Amino acid sequence: MSEKESVNFIEQIIQNDLAEGKFPDGIKTRFPPEPNGYLHIGHAKSIVLNFGLTQMYKGTTNLRFDDTNPETESTEYVNSIKRDIRWLGYDWEDREYYTSDYFDQLYDFALKLIKEGLAYVDDSDSETILEQKGTVTVPGTESTFRSRSVEENLDLFEGMKKGEFEEGSRVLRAKIDMASPNMHMRDPVIYRIKRMAHHRTGNKWNIYPMYDFAHGQSDSIEEITHSLCTLEFENHRPLYNWLIEKLEIYPSRQIEFARLNLNYTVMSKRKLMQLVEKGVVSGWDDPRMPTISGMRNRGYTPAAIRLFCEKVGIAKRENVIDMSLLEFCVREDLNRVAERRMAVLNPVKLIIENYDEHKEEMLPAINNPEDEAAGEREMPFCRELYVERDDFMEDPPKKFFRLAPGRNVRLKHAFIIHCTGFERDENGELVEIRAEYYPDSRSGSDTSGIKAKGTLHWVSARHADNAVVHMYDRLFKVPEPLADKEVDFLEHVNEDSLEVVKGVKIEPSLTESEALKPFQFLRKGYFVRAENSDGDLPTFNMTVGLRDSWGGKNKK
């Protein structure tokens, strides 16, 4: 996180704390993902915030997996989360923790609450407990089991731990205030029975703490100074503080900020899981997904995502960020780092009639005009080339500066050519363009004096390789797919969000490129070499266009 002229409200809190002499050993934050799915762009904001603050204010950030629900968690998700954080450019060093590391300590905390008359075992079923909670305007009613003795509660809780009771038959509730205006303070459930194996502790436990009980206490155990959460946890803060106070443990402070909401997508793990399970996308790492792994496969860079998170900023009010801002950040970074290459997506043959058919030459091409250190490569040039089919018009309008009969254009890094004719098949399909070149118009040493308004990309027909390109569009057709509660969000899926383009012709240097290496295909956009090829052919995923074509489309 870079220094800014103005600080956000969380930075102001930290600066005030440090000015008052608090935390002489430095601040501590944590990133606490639940290992039940892949991280998405919303998590990236939290990662950048937590690690960025401790970089700015000389502290440390822990990675803590909130693994309190064995039903939905797996090692697969743990590994993917660690990979994503490292890819974003952050390192938790040796501070990798799991809430399951603290199960014994959390159990002792629960015993302390019971012994002090602040927790009780309730035999009510979930529906009854929900009814007892009351409503926002109606106070709750006390459970008939609320008056159990300390001894009975200790005995029953021990039985829950040993597996003597069935799931759903008993829970442990904090004894707070059933008339509290805050629903979370109306005797919340803090432990439930789950008789299933845990991905780390195996079959040791038959009971597991609820998030609200494990969260603050885990923060306290690790002596987290600033526990940063999204706004939906604001109403949970009184319970967070109550538990810390009653247990008399390290007073971590919870601070809430607005979560990241992005249009034309969904962030709910449950909704993302539906997209995967129903085959709408190929997996959690599909390039159309808002997951970090999906964005990596799309060709987004860590620097672009960090820039986006900084531009979005930290606020106290919820808002929806336009996808075009994320794409702007991606373009900004890729323009700086992506090497330029030529690929013809919809090829038609161009014959240079006055070029010796036995001749070929190598022409120097700049790899990246933004980075002199990237150097040059050589591109083969010969009599027969491929150009884009839509770069030719038989009867062009006035401002069409590409190929047309009698028109001049420059071939990038090569020569100026003059279109002399074309051929169509019996169906009217363009099959060949003919032209002549000016030998003294070579790029870098042009002495021809001939002008050409348009410049086209091309590849040598003799040397070009075949490839497959995946072109991507928005995954949803509407900005807010979840806005209408009466309509299944899947009905808003954009069926044209993926177009597989085959028969693409690429320059030879692209064939040997490494996976996930970004390129700018001249005049087409930014692309990345896919990790998994489409058959035997090299495959490239479109990252983003050269311009925000979607914004213009929406305005129309």
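All values derive from a computational prediction rather than experimental measurement.

Caption draft 1: Spotlight on the pairing of strand E2 (residues 60-65). For E2, the buried fraction is high: five of the six residues fall into the buried class. Sheet topology note: the strand E1 (residues 28-31)/E2 ladder contains four bridges and is parallel. Residue pairing for E2: Phe31 is matched across the bridge by Leu63. Crossover E1 to E2 through helix H2 (residues 41-56) is right-handed. Pairing of E2 with strand E3 (residues 96-98) involves three bridges; the strand directions are parallel. Considered in E3, the bridge of Arg64 is made with Tyr97. With helix H3 (residues 75-88) bridging E2 and its parallel neighbour E3, the resulting β-α-β unit is right-handed.

Caption draft 2: Expanded view of the sheet that holds strand E6 (residues 189-193). If you trace the four strands from one edge of the open sheet to the other, you get E4-E5-E6-E7, paired in antiparallel fashion. Of all strands in the sheet, those with a lone pairing partner are strand E4 (119-122) and strand E7 (207-209), marking the two edges. Each strand axis lies, on average, 20 degrees off the axis of its neighbour in the sheet, ignoring direction. Against the sheet, helix H6 (residues 150-162) contacts E4, strand E5 (171-174), E6 and E7, and its axis sits at roughly 60 degrees relative to E4.

Caption draft 3: Region of interest: the packing of helix H11 (residues 302-312) against helix H12 (residues 323-337). Interhelical geometry of H11 versus H12 gives an angle of 135 degrees and a closest axis separation of 8 Å. Relative to H12, the element H11 lies oblique. The two elements H11 and H12 cross, and the hand of that crossing is right-handed. Together, Ala303, Ala304, Leu307, Phe308, Lys311 and Val312 of H11 and Leu325, Leu326, Phe328, Cys329, Val330, Glu332, Asp333 and Arg336 of H12 make up the contact between the two elements. Residue composition of the contact of H11 with H12, grouped by class: 10 nonpolar, no polar and four charged.

Caption draft 4: Representation of the packing of aromatic side chains in the model. What the rule picks out here adds up to 21 aromatic pairs. For the ring pair Phe381 and Phe415, a centre distance of 5.3 Å and an interplane angle of 55 degrees mean the geometry is tilted. Linking Phe381 in strand E16 (residues 376-382) with Phe415 in the loop between strand E18 (408-411) and strand E19 (416-424), this pair joins segments that are 34 residues apart in sequence. Through a chain of ring-to-ring contacts, three or more aromatic side chains come together here, namely Phe103, Tyr107, Phe157, Tyr191, Trp205, Tyr208 and Phe213. In this structure, Arg200 packs its charged tip against the face of Tyr98, placed 3.8 Å from the ring centre.

Caption draft 5: The arrangement of empty space enclosed by the protein in detail. As enumerated under the stated definition, the model contains four cavities of 30 Å³ or more in all. Lining the largest cavity are 15 residues, and of these Pro287, Arg288, Arg298, Tyr300 and Met323 sit closest to its centre. Looking at the lining of the largest cavity residue by residue, the class counts come to nine nonpolar, one polar and five charged. Of the volumes computed, that of the second largest cavity is approximately 60 Å³. As for the second largest cavity, its lining consists of Lys45, Ala258, Arg259, Leu260, Asn261, Val312, Gly313, Ile314, Ala315, Arg317, Asn319 and Ile321. Classifying every residue of the lining of the second largest cavity by side-chain character gives six nonpolar, three polar and three charged.

How each quantity is defined
- Residues numbered from 1 in each chain as written.
- Predicted model: local features only at pLDDT ≥ 70, side-chain atom pairs only at ≥ 80, totals over all residues.
- Heavy atoms only, no water.
- Buried < 20%, exposed > 50% of the residue type's maximum accessible area, 1.4 Å probe, protein only.
- Helix = DSSP H or I, 4+ residues; strand = E, 2+ residues; numbered from the N terminus.
- Pairing = 2+ DSSP bridges.
- Right-handed = clockwise from strand over helix to strand, strands pointing away.
- Axes fitted to C-alpha atoms, helices over the stretch in contact; angles between N-to-C directions.
- Contact = heavy atoms within 4.5 Å.
- Parallel < 35°, antiparallel > 145°, perpendicular 65-115°, else oblique.
- Left-handed = near helix turned anticlockwise from the far one by under 90°.
- Nonpolar A, V, L, I, M, F, W, Y, C, P; charged D, E, K, R; others polar.
- Phe/Tyr/Trp six-rings, centres within 6.5 Å; stacked < 30°, edge-to-face > 60°.
- Lys NZ or Arg CZ within 6 Å of the ring centre and 35° of its normal.
- 1 Å grid on protein atoms, 1.4 Å probe; cavity = no way out; pocket = protein on both sides within 12 Å on 5 of 7 lines; lining within 4 Å.
- Points joined across faces, edges and corners; volume = space filled by probe spheres on them.

By themselves, these figures tell us nothing about what the structure is for.
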